[in-house]
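Topology and contacts: notes
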Amino acid sequence: MKRALIVGINHYEKAPLKGCIKDAEKIYKVLATNEDGSPNFDCKPLTSTEDPKYPITVSVLKKHIHDLFNQEAEIAVLYFSGHGASTNIGSYLVTQDADKFDEGVSLEEIIVMANSSKVKEAIIILDACYSGNLGNAKEFGNRKAVLREGVSVLTASRDTQFAVERNGSGLFTSIIYEAMNGGASDILGKITVAGVYYYTDQLLNSWEQRPVFKTHTSKMIPLRNCSPKIPLEILRKLPVYFEEREQELPLNPLYEASIEPRNEVFEKIMTHLRMFHVNGLLLPVGTPFMYNAAKDGKTCELTNLGKFYWDLVHKKLL
């Protein structure tokens, strides 16, 4: 089972926000289904309203987080968009009943719940100011994180930074949304939290806001499945084109459609080779361009990543 608690709080009495519910709706959309529409996470939304009878208080938020991590599951995701607070006592996800010395649910409590949970993989994604403090241990000067195996943390900013809002949405969440829609997918179309971080890291500069990623895991369960970057029927041709994983494949001008005489069989193979090249599975030898390799009768060879997928296909694991 895959479970997700998705929290968005706009309605703060003293400092209301505009984009957190919208952010929560985005994350709900990309977690609830895979790209092909098949079911993915069992998502539970928790968003604020203007009705004062149903606020998201410390006790409400803490109970929902406890329920998320206190049941056995393959993977559990906590997403929060709202205010974050940092004090001399600790850092907090701010709730609607926040008060001085009682700002919300402490990040220390959240990491304790995740570390003690029964889920195989617990992922915490926070779009809140100062959220980078999650998992940091005071006894190590807040510079080292204590996570049990299977726990990963992805936050919008460092423990001293604000989380930026742009165009009515959190900048961090907007990037995550793009990543989950395929921007962070691997060759097979699988998206992991590490892939999401890598994608986010490329788009947030070092001055305004830096994402923080902490993890202790040996294997990551995909957060979402998208279309493979290389269709499987083409990927499975790797051992056809390269009979041995260490061999070089000779090219010639027949592979290149712009050079006469034309040969449809070789040209079709070249479309597959170019797909492998663009996705880092092979490299032309002696030139950076596949066109020159074909025109000049050079060769191409598999990269280490290409050899990895060659092995998977060869062993009939794909």
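Above this text sits the structure in question.
Residues numbered from 1 in each chain as written. Predicted model: local features only at pLDDT ≥ 70, side-chain atom pairs only at ≥ 80, totals over all residues. Heavy atoms only, no water.

1. Describing the pattern of salt bridges
For the structure on display, the rule yields eight salt bridges. A salt bridge links K307 to E246; the nearest nitrogen and oxygen atoms lie 2.9 Å apart. Placement of the pair is K307 in helix α10 (residues 304–314) and E246 in the loop between α7 (238–241) and β14 (248–250), with a sequence separation of 61 residues. Judged by its relative accessible area of 15%, K307 is buried. Judged by relative accessible area, which is 52%, E246 ranks as exposed. Residue E256 pairs with R274 through a salt bridge whose shortest N-O separation is 2.7 Å. Taken as a pair, E256 in the loop between β14 and α8 (264–278) and R274 in helix α8 lie far apart in primary sequence, 18 residues in all. Using a relative accessible area of 8% as the deciding quantity, one classes E256 as buried. Judged by its relative accessible area of 32%, R274 falls in the partly exposed class. (Salt bridge = Lys/Arg side-chain N within 4 Å of Asp/Glu carboxyl O. Helix = DSSP H or I, 4+ residues; strand = E, 2+ residues; numbered from the N terminus. Buried < 20%, exposed > 50% of the residue type's maximum accessible area, 1.4 Å probe, protein only.)

2. Side note on the packing of helix α2 (residues 58–69) against helix α3 (residues 107–115)
Relative placement of two packed helices is described by the angle separating their axes and the distance separating the axes. In contact at an axis separation of 9 Å, α2 and α3 are set at 20 degrees when each is read in the N-to-C sense. What the angle tells us is that α2 and α3 run roughly parallel. As α2 runs across α3, the sense of the crossing is right-handed. The residues of α3 that touch α2, namely those facing K62, I65, H66 and F69, are E109, I110, M113 and A114. (Axes fitted to C-alpha atoms, helices over the stretch in contact; angles between N-to-C directions. Parallel < 35°, antiparallel > 145°, perpendicular 65-115°, else oblique. Left-handed = near helix turned anticlockwise from the far one by under 90°. Contact = heavy atoms within 4.5 Å.)

3. Description of the pairing of strand β7 (residues 121–127)
When you tally the buried positions in β7, you get seven out of seven residues, the bulk of the element. Burial along β7 is two-sided: the face carrying E121, I123, I125 and D127 and the face carrying A122, I124 and L126 are both buried. The sheet contact formed by β7 and strand β8 (residues 151–155) spans five bridges and is parallel. Following the sheet pairing, I123 is matched in β8 by S152. (Pairing = 2+ DSSP bridges.)

4. What to know about the nonpolar core
By size, the foremost hydrophobic cluster in this structure holds 34 residues, and its most contacted members are L61, I65, F69, L78 and F80. Elements supplying a minimum of two residues to this core: β1 (2–8), α2, β3 (75–81), β5 (91–99), α3, β7 and β8. If sequence neighbours within four positions are ignored, L61 has contacts with V7, L46, I56, F80, L93, T95 and V105. Formed by 31 residues, the second largest nonpolar core is a distinct cluster that contains I6, I27, I75 and Y177. (Core = buried A, V, L, I, M, F, W, Y, C linked by side-chain atoms within 4.5 Å.)

5. What about the packing of helix α4 (residues 171–183) against helix α5 (residues 193–203)?
Running from N to C, α4 and α5 cross one another at 130 degrees; their axes reach a closest spacing of 9 Å. The angle between α4 and α5 falls in the class oblique. Crossing hand, α4 versus α5: right-handed. Taking contact as the criterion, the partners of F172, I175, I176, E178, A179, M180 and G183 in α4 are, on α5, V196, Y199, T200 and L203. For the contact of α4 with α5, the residue count by class is eight nonpolar, two polar and one charged. (Nonpolar A, V, L, I, M, F, W, Y, C, P; charged D, E, K, R; others polar.)

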